[in-house]
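# Chains, contacts and geometry: an overview
Spelled out from the first residue to the last, the chains are:
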Amino acid sequence: MDAIGLSGVGYTYEDGHRALRGIDLQIKKGEKVALVGPNGAGKSTLLHIMSALYMPTEGELEIMGEKVTRKVAEKARLSVGFLFQDPDDQVFMPRVWDDVAFGPNNLKLSADEVKRRVEEAMEAAGIKGYEDRAPHHLSFGEKKRVAIAGVLAMRPPILLLDEPTANLDPQGRRDLVNVLMPLRDKTMVIATHDLSVAFELTDRVIVLKRTVLYDGDFRGLVERPEILAEARLELPSVPRLMERWMERTGRKGPLPLTIDEALDMLDGDDGRR
Ligand SMILES: Nc1ncnc2c1ncn2[C@@H]1O[C@H](COP(=O)(O)OP(=O)(O)O)[C@@H](O)[C@H]1O
Ligand SMILES: [Mg+2]
């Protein structure tokens, strides 16, 4: 069973702007997918559809094998955790613990179960010890992790993350990757401009510009400069450097995308270890 299925999906906003058209996508359970594309490509719109917050204006949407109609949208939303781009849209209680507990409390779970979920989610999001802090006094990166904890406390099988590393400093970005990396059993769709984060966290990339321009692995994408250009994407410095080095030395093989892959190639090249 697929986690998310879209067939012929399009979306037109009320003012008549058609933000998406002709989208066919199947996302398998447990899959990690990067959704990349220029500003205005429709990434956020597509995530809102995948979370059943917007109903497609054309085509069909399935979540966890069930066709989503207005009638079942509310139930479908329980399968999906959506991390908004701006944590201020998501974090609103005066105390961190209450904010993370907000969703589970709404599920009418027992107090013990709520406590268990909140503790587990705060631990996973790296904010243990923040229970009594005021979210509006936290840094942007910390607030983001409070928002993630709130999402995780609902235990959704699907996570949708809208530009999760935007506006984070390098350490905040690293912290976020470290939070997301262990969540291997979740289906994840990450909208991002940040290809190096995408390389680390996902193994499938969808390039979007109102419709799907590319859907495949990163190696296939790095060989399609015309698509990178069309989507205004830039390869991270490691593959850019390695591409130049391979040209210069005549070394063949798959282009290293991460620091570890690059080191393997460089080590292998001169036999040092
Ligand atoms: N509420 C809205 N009403 C009309 N047009 C909108 C609305 N929200 C977004 N759009 C338009 O839809 C397009 C896709 O937007 P969005 O999904 O936010 O793109 P992205 O997240 O890739 O930057 C853009 O042209 C944007 O201006
Ligand atoms: Mg967006």
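Residues numbered from 1 in each chain as written. Chains lettered and ligands numbered in written order. Predicted model: local features only at pLDDT ≥ 70, side-chain atom pairs only at ≥ 80, totals over all residues.

### Points about the nonpolar core
If you look at soluble globular proteins, the nonpolar side chains tend to sit buried side by side. Formed by 70 residues in total, the largest nonpolar core has its most connected members in L35, V100, A149, L160, V189, I190 and A198. Apart from residues lying up to four places away in sequence, V189 is in contact with I27, V33, L35, L47, M50 and L160. (Core = buried A, V, L, I, M, F, W, Y, C linked by C-beta atoms within 7 Å. Buried ≥ 20, exposed ≤ 12 C-beta atoms within 10 Å, placed from the backbone. Contact = placed C-beta atoms within 7 Å.)

### Here we look at the site of ligand 1
If you check the shell around ligand 1, you find Y13, D15, H17, A19, G37, N39, G40, A41, G42, K43, S44 and T45 and nothing else. Here the element with the most residues in the shell around ligand 1 is helix 1 (residues 43-50); it accounts for three residues. Along the lines of polarity and charge, the residues of the shell around ligand 1 split into three nonpolar, seven polar and two charged. (Near = placed C-beta within 6 Å. Helix = DSSP H or I, 4+ residues; strand = E, 2+ residues; numbered from the N terminus. Nonpolar A, V, L, I, M, F, W, Y, C, P; charged D, E, K, R; others polar.)

### Regarding the packing of helix 3 (residues 96-106) against helix 4 (residues 111-124)
The interhelical angle for the contact between helix 3 and helix 4, taken along N-to-C directions, is 125°, at an axis separation of 9 Å. The angle between helix 3 and helix 4 places the two elements in the oblique class. At the point where helix 3 passes helix 4, the crossing takes the right-handed sense. Residues W97, V100, A101, P104 and N105 of helix 3 pack against V114, R117, V118, A121 and M122 of helix 4. (Axes fitted to C-alpha atoms, helices over the stretch in contact; angles between N-to-C directions. Parallel < 35°, antiparallel > 145°, perpendicular 65-115°, else oblique. Left-handed = near helix turned anticlockwise from the far one by under 90°.)

### Focus on helix 3
Regarding helix 3, the residues found buried are V96, D99, V100, A101, G103 and P104. The positive-phi residue at the C-terminal boundary of helix 3 is K108, with phi of around 60°.

### A few points about the domain arrangement of the protein chain
Along its sequence, the protein chain is organised into domain 1 (2-231) and domain 2 (236-273). Contacts between the two partners involve seven residues from domain 1, matched on the other side by six residues from domain 2. Contributing elements (two or more residues each) for the side of domain 1 that touches domain 2: helix 7 (195-201) and helix 8 (218-222). If one sorts the elements of the side of domain 1 that touches domain 2 by residue count, helix 7 sits on top with four residues. Taken together, the residues of the side of domain 1 that touches domain 2 sort by class into four nonpolar, one polar and two charged. (Domains from an automatic or database assignment.)

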